[in-house]
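# Structural overview
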Amino acid sequence: MSQTVTLAGNPITVAGHFPQAGETAPAFTLVGGDLADVALAQFSGQRKILNIFPSIDTPVCATSVRRFNAQASSLPNTVVLCISADLPFAQNRFCGAEGLDQVKTLSTLRGGEFLEAYGVAIGSGPLAGLAARAVVVLDENDRVLHAELVPEIKQEPDYAAALAVL
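Here goes a summary of the coordinates provided.

Cut-offs used in this document
Residues numbered from 1 in each chain as written. Predicted model: local features only at pLDDT ≥ 70, side-chain atom pairs only at ≥ 80, totals over all residues. Heavy atoms only, no water. Helix = DSSP H or I, 4+ residues; strand = E, 2+ residues; numbered from the N terminus. Contact = heavy atoms within 4.5 Å. Pairing = 2+ DSSP bridges. Salt bridge = Lys/Arg side-chain N within 4 Å of Asp/Glu carboxyl O. Buried < 20%, exposed > 50% of the residue type's maximum accessible area, 1.4 Å probe, protein only. Core = buried A, V, L, I, M, F, W, Y, C linked by side-chain atoms within 4.5 Å. Axes fitted to C-alpha atoms, helices over the stretch in contact; angles between N-to-C directions. Parallel < 35°, antiparallel > 145°, perpendicular 65-115°, else oblique. Left-handed = near helix turned anticlockwise from the far one by under 90°. Nonpolar A, V, L, I, M, F, W, Y, C, P; charged D, E, K, R; others polar. Phe/Tyr/Trp six-rings, centres within 6.5 Å; stacked < 30°, edge-to-face > 60°.

Let us now look at the overall build of the protein chain. Assigned secondary structure in the protein chain consists of 4 helices and 10 strands. Across the protein chain, helices and strands are ordered from the amino to the carboxyl terminus as β-β-β-β-β-α-β-α-β-α-β-β-β-α. Summarising its shape, the C-alpha atoms of the protein chain cover approximately 40 × 35 × 30 Å along the three principal directions. Residue pairs at least 24 apart in sequence account for 66% of intrachain contacts in the protein chain once pairs closer than 6 positions are excluded.

If you want it as structure tokens, here you go:
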């Protein structure tokens, strides 16, 4: 299944099944900051905000990480997972330089199947191979509470809607 979002107004094809509220989120294994595999199951019993974006080295993506970091410390039993194709080295550098310690960064370095499993695989245009911008909020049992595939990649997600379900 594919959907279309835009990048600066230009249509971009996004492949895979984007999770919907009420569904159980697919399991995944991505790469953490220490290069170790990190599975969704490791956060069992916690609520999860999946902040998915193309690259931490772009202004809107960086803003989303900052915004969720600022909100994360006040969210009980909730972890914010910032997921992009960036290498863990770049993710660590950015978060370290910015003093962002309330989010966990995960890389699709060895987890490319995540992109299609979560319906964010950009299949066309200059960002092909990266993730579209999306926010998926999961409960303690990985049931989807909120899902937003941002229609314009250069647009920020609806933070208030994502946080309202927690």
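This part takes up the sheet that holds strand β2 (residues 10–15). Sheets are built from strands that pair by backbone hydrogen bonding, the pairs being arranged parallel or antiparallel. The 3 strands are arranged β1-β2-β8 in an open sheet whose pairing can be described as antiparallel. In this open sheet, the two edge strands, each paired with only one partner strand, are β1 (2–7) and β8 (121–122). Bridge analysis of β2 against β8 gives 2 bridges, and the strand direction is antiparallel. Bridge assignment links Ala15 to a residue of β8, and that residue is Ala121.

Going through the model one piece at a time under the given rule, you end up with 5 salt bridges. Notably, a salt bridge pairs Arg110 with Asp37, separated by 2.8 Å at the nearest N-O pair. Of the two residues, Arg110 is situated in the loop between β7 (103–107) and α3 (113–117) and Asp37 in strand β4 (residues 37–39); the sequence distance between them amounts to 73 residues. Owing to a relative accessible area of 46%, Arg110 belongs among the partly exposed residues under this scheme. Glu156 is paired through a salt bridge with Arg67; the nearest N and O atoms lie 3.8 Å apart. One end of the pair, Glu156, is in the loop between β10 (144–149) and α4 (159–164); the other, Arg67, is in helix α1 (residues 59–72), and 89 residues separate them in sequence. A relative accessible area of 33% means that Glu156 is categorised as partly exposed.

Now for the nonpolar core. Phe28, Leu50, Ile52, Ile83, Phe114 and Val120 are the most contacted members of the largest nonpolar core, which has 31 residues in total. Sorting the residues of this core by element identifies β1, β2, β5 (47–52), β6 (78–84), α3, β8, β9 (134–138) and β10 as the ones contributing at least two each. In contact with Leu50, other than residues within four places in its own chain, are Phe28, Leu81, Ile83, Tyr118, Ala134, Val135, Val136 and Leu138. Counting 20 residues, the second largest nonpolar core, distinct from the first, contains Ile56, Phe68, Val103 and Ala162.

Running from N to C, α1 and helix α2 (residues 88–98) cross one another at 55°; their axes reach a closest spacing of 12 Å. When the interaxial angle is binned, α1 and α2 end up oblique. The two elements α1 and α2 meet at a crossing, and its hand is right-handed. For the pair α1 and α2, the contacting residues are Ala62, Val65 and Arg66 in the first and Phe94, Cys95 and Glu98 in the second. The class makeup of the residues in the contact of α1 with α2 is 4 nonpolar, no polar and 2 charged.

Relative to β10, β9 runs antiparallel, the two sharing 5 bridges. Note on β10: the bridge partner recorded for Val135 is Glu148. Between the end of β9 and the start of β10, which pair antiparallel, lie 5 residues, with Asp142 showing a positive phi angle near 70°.

Before going further, it helps to examine the packing of aromatic side chains. Scanning the entire structure with this criterion turns up 4 aromatic pairs. An angle of 85° between the planes, with centres 5.2 Å apart, marks the rings of Phe28 and Phe114 as edge-to-face. A residue pair is termed long-range when its members are at least 10 positions apart, and Phe28 in the loop between β2 and β3 (29–31) and Phe114 in helix α3 qualify at 86 residues. Residue Phe28 is classed as buried on the basis of its relative accessible area of 7%. Accessibility expressed as a relative area gives 1% for Phe114, which makes it buried. For the pair Phe28 and Tyr118, a centre-to-centre distance of 5.8 Å together with 75° between the ring planes defines the contact as edge-to-face. Within this pair, whereas Phe28 is found in the loop between β2 and β3, its partner Tyr118 is found in the loop between α3 and β8, the two being separated by 90 residues in sequence. According to the relative accessible area criterion, Tyr118 is buried, its value standing at 0%. Each residue in the set Phe28, Phe114 and Tyr118 is aromatic and connected to the rest through ring pairs, giving one cluster.

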